[in-house]
Amino acid sequence: MMRLHSIERAFPARGLHFPNYAFDLPIALRSWAPPASSGVLDGFWAMPAKGKKMKYSGIALKIAVVCTLYISVSRPIGAEESTRTEDSWTALPDDQSEDTSRGAAFAEHEVAAYDAAAPASSAEPLAIPSQFTFPDDARYDRIEKHDRMNTIFGIDVSHYTDSRLNLDDLKVKNVRFVYIKATQGTSSKDAKFGQFWDGMGKLDPAVKVPRGAYHFLSSTSPGKPQADAFVDYITLHGGIKTGDLPPVVDLEWDVTKKNPDQWIGHSADEIVAETLACLKEIETRTHRRPILYTAKSWWSDKTIPLSRVAAFKDYPIWIADYNPKRKLKEAPNVLPNTTTAIWQFSDAALIKGQVASYDTSVFYGTSDDFEKTFGLQ
């Protein structure tokens, strides 16, 4: 429902005058009057005689209109008005004290390759090369030695990404989608979200590629308020629009400089419940089914056993697996009995003509498959 203070702004106490009117109000209001002893509307409210309309003085009419709007004007489900401003969130620091790089986490925690026949050396030719470079490697398969078909590559960016990233150059370099970090926990924001989100939204249609936003799920607060903080922050920057990718919840090592994973010590029941609460609240408020980003090697008896993965069967998975050996056959280490939507295989891909390196993922399928999977049709 619309907040009352919003309506009061629409009908300010000064500068707006209602003369006496006689008109009909909804039945709920016509059948109600304040108690005679309340003094709330003494002198302004008069119940009509049978068959007559209610008559109000100017003040009474103003109150009646406010009440009517409060009852009859609704907002989309989950689109509750937020009073939070940009200053309501604190920018994540760039020193990795609160959100370490994925590459560092995966280098420490990634499980050994399961394909014993895979090349042991990164110098061996891989279907996805260890040093992946846009646009060449997004267009050409080095193993099969032919142009790639039905493979769509994209990147994700955050406050660690160089601000000089040229968004206008992405499509021509075969970067086909971009995910942007928005928030972490209930009060932390990515300081570059606004720059990248707004910039992607303003691209000329000729060079535009789909954008999406993701939230890093923190172990230090419940899932639902984290979801609300995420959606509120995106809404502050224009919200999720037609043509945008579905939102993402990032569930992985919650690493700080002093703690290798803050999820350890929480029960599996708690982690599952809070993650589902976050996913469901995001879906309720955005009307988009969110994606769950995770890595199979994070799932364990210390966090969530793989036997519990069925709890997330309704959510597409964005799987993270950087192990070079699994790039031989382009087969990531996926969660059992789930649907893998995209595979993040590197945090060090290059884009010709651009600065720095980028987290990079691949979707297997046609452009139509991509649009259907991500709700872009």
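Structure: above.
Residues numbered from 1 in each chain as written. Predicted model: local features only at pLDDT ≥ 70, side-chain atom pairs only at ≥ 80, totals over all residues. Heavy atoms only, no water.

### Describing helix 6 (residues 193-201)
- Among the residues of helix 6, F193, G194, F196, W197 and M200 are the ones counted as buried.
- In the core, the buried residues of helix 6 are packed alongside strand 7 (151-157), strand 8 (178-184), strand 10 (211-216) and helix 7 (223-236). (Buried < 20%, exposed > 50% of the residue type's maximum accessible area, 1.4 Å probe, protein only. Helix = DSSP H or I, 4+ residues; strand = E, 2+ residues; numbered from the N terminus. Contact = heavy atoms within 4.5 Å.)

### Some thoughts on unusual backbone geometry
- Residue F134 is joined to P135 through a cis peptide bond whose omega torsion reads -5 degrees.
- Within the secondary structure layout, P135 lies in the loop between strand 4 (133-134) and helix 5 (136-139).
- For K145, which is not glycine, the phi dihedral falls at a positive 55 degrees.
- Along the polypeptide, K145 turns up in the loop between strand 5 (140-141) and strand 6 (146-147).
- With relative accessibility at 61%, the residue K145 sits in the exposed group.

### A short note on helix 8 (residues 268-286)
- Helix length check: helix 8, at 19 residues, gives a terminal C-alpha distance of 27 Å against a target of 27 Å (1.5 Å per residue), a fit within 8%.
- Every buried residue of helix 8 is accounted for by A268, I271, V272, T275, L276, C278, L279, E281, I282, R285 and T286.
- Just downstream of helix 8, H287 is the residue with a positive phi angle, here 60 degrees. (Expected span 1.5 Å × (residues − 1).)

### So, the packing of helix 7 against helix 8
- At a closest axis distance of 7 Å, the pairing of helix 7 and helix 8 adopts a crossing angle of 35 degrees. Where helix 7 crosses over helix 8, the handedness of that crossing is right-handed. Every residue of helix 8 that contacts helix 7 at G223, K224, A227, D228, F230, V231 and D232 is listed here: E274, A277, C278, E281, I282, R285 and T286. (Axes fitted to C-alpha atoms, helices over the stretch in contact; angles between N-to-C directions. Left-handed = near helix turned anticlockwise from the far one by under 90°.)

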